Amino acid sequence: GGKATPILGSNGTGYQLAKMLKMKVTNVLPGLVGVKVDDSSIKGLEGLRVKAHVSLYCKKKKDPVWENNGEVQFKSEAVSGIVIMDMATQIARADNEKLFNASHFVLDLCPDMSLEDLTNYLINRQHDLVKYTNANFLIGIFHKMLGTNILKRAKVDVSGYVENLNKKDLERIAKAIKGFMIPIKGLDSFDHAQVTVGGISLDEVVPETLESRKNAGLYVCGELLDIDGDCGGYNLQWAWTSAFIASTAIIERINSSL
């Protein structure tokens, strides 16, 4: 098939064969894979999982180019989780189309609350935790290490006391929670990818049979074609469906020649 997870035998030789047969092959990139990030932005968070609203930004646009909800898993110098793998596929597709260069993504760690409501919640929380240190202010909402990361982003002294926080401090904390920005360094490798983005151009095959337009009797299916889907079984379904279409066409071709 494609080049994803080569340990299972996907080494990309199908693309080499297609090129030998003068078939157009688009650039291939890893999809459904983790995203490499600036490690300083996630320092101390390795192994943590959080649910968040994820928004992807590019260098040339102010508004997010993609967004979705899901669980984010922090790793060493990378992030993963289903929503991140889906985002990685969006980045790979866009790179193929040369639409934009992914710049960063933002986690909204409290997507069910507006910035104003979250700020008010933190103000009320301060009244209940006045004797605590700032390092413990967000415990119960987030893991302590994530809470520490948020406080540092908000430029709040972790060793200080909650009773000394002013409204501007609380507003910055709220903004850091809803705008947890992480710079992107690139995609993880094919070794960890679940699917290949790109492949043999769909213009090269007859849609009804998946037979090559240039090479009669040659059929292309599965991940070799420039088709990929998000997490959720879509890629498996395409493998089964395309195999059925191609095999049915082959059987009909054989029967018609008898």
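Preceding this paragraph is the structure being described.
Source: prediction; values computed, not measured.

### Observations concerning the side chain of R125
Now for step 1: Turning to its location among the elements, R125 is positioned in helix α3 (residues 115–128).
Now for step 2: Although R125 is buried, it forms no salt bridge, and the closest oppositely charged side chain is D128 at an N-O distance of 7.2 Å.
Now for step 3: Aside from chain neighbours lying at most four places away, what touches R125 is F137, L138, I139 and I141.

### A closer look at the pairing of strand β4 (residues 66–75)
Now for step 1: Where strand β3 (residues 49–58) lies against β4, eight bridges are found, and the strand directions are antiparallel. Its bridge partner lying in β4, A52 is registered against G70.
Now for step 2: Here β4 folds back onto strand β5 (residues 78–80) in antiparallel fashion, the turn holding two residues, of which E77 has a positive phi close to 65°.

### Notes on the packing of aromatic side chains
Now for step 1: Evaluation of the coordinates by the stated rule reveals zero aromatic pairs.
Now for step 2: The positively charged end of R125 is found above the aromatic ring belonging to F137, 5.9 Å away from the centroid.
Now for step 3: The ring of F180 is capped by R153, whose NZ or CZ atom sits 3.5 Å from the centre of that ring.

### Digging into a nonpolar patch on the surface
Now for step 1: A cluster of nonpolar side chains, I250, I254 and L258, forms an exposed patch at the surface whose accessible area comes to about 320 Å².
Now for step 2: As for its position among the elements, I250 is in helix α6 (residues 234–257).

### Observations concerning the environment of Y121
Now for step 1: With respect to the element layout, Y121 can be found in helix α3.
Now for step 2: Distance from Y121 to L170, taken between C-alpha atoms, is 9.6 Å for residues 49 residues apart in sequence.

### Considerations on the side chain of N134
Now for step 1: With respect to the helices and strands, the residue N134 is situated in the loop between α3 and α4 (144–153).
Now for step 2: For N134, a relative accessible area of 4% puts it in the buried group.
Now for step 3: Looking at N134, its side chain comes within polar contact range of the main-chain oxygen of D157, at 2.7 Å.
Now for step 4: Polar side-chain contacts of N134 include one of 3.1 Å to the backbone nitrogen of V162.
Now for step 5: Contact partners of N134, with chain neighbours within four places excluded, come to L151, V156, D157, V158, G160, Y161, V162 and L165.

### Overview of the pattern of salt bridges
Now for step 1: Summed over all chains, the structure comprises eight salt bridges.
Now for step 2: In this structure, the salt-bridge partner of R49 is E71, at a minimum N-O distance of 3.1 Å. A residue pair is termed long-range when its members are at least 10 positions apart, and R49 in strand β3 and E71 in strand β4 qualify at 22 residues.
Now for step 3: The exposure class assigned to E71 is partly exposed, which follows from its relative accessible area of 35%.
Now for step 4: Of the charged contacts in the structure, one is a salt bridge between R93 and D228, with a shortest N-O distance of 2.8 Å.

### As for the sheet that holds strand β7 (residues 180–187)
Now for step 1: Taken together, the six strands give a closed barrel; going around it, the order is β2-β5-β4-β3-β6-β7, and neighbouring strands pair in antiparallel fashion. The sheet shows a mean angle of 50° between the axes of neighbouring strands, direction not considered.
Now for step 2: Pairing between strand β2 (residues 35–37) and β5: two bridges, direction antiparallel. From the neighbouring strand, K36 faces β5, where its bridge partner is A78.
Now for step 3: Sheet strands touched by α4: β3 and β7. Its angle to β7, the strand with the most contacts, is close to 105°.

Each value, and the rule that gives it
Residues numbered from 1 in each chain as written. Predicted model: local features only at pLDDT ≥ 70, side-chain atom pairs only at ≥ 80, totals over all residues. Heavy atoms only, no water. Helix = DSSP H or I, 4+ residues; strand = E, 2+ residues; numbered from the N terminus. Buried < 20%, exposed > 50% of the residue type's maximum accessible area, 1.4 Å probe, protein only. Lys, Arg positive; Asp, Glu negative; His and termini not counted. Salt bridge = Lys/Arg side-chain N within 4 Å of Asp/Glu carboxyl O. Contact = heavy atoms within 4.5 Å. Pairing = 2+ DSSP bridges. Phe/Tyr/Trp six-rings, centres within 6.5 Å; stacked < 30°, edge-to-face > 60°. Lys NZ or Arg CZ within 6 Å of the ring centre and 35° of its normal. Patch = residues over 30% accessible without salt bridge, like charges linked within 9 Å, V, L, I, M, F, W, Y side chains within 5 Å. Areas by Shrake-Rupley, 256 points an atom, 1.4 Å probe, with all protein chains shown as cover. Polar contact = N/O pair within 3.5 Å; in protein donor to acceptor, adjacent residues only side chain to side chain. Axes fitted to C-alpha atoms, helices over the stretch in contact; angles between N-to-C directions.

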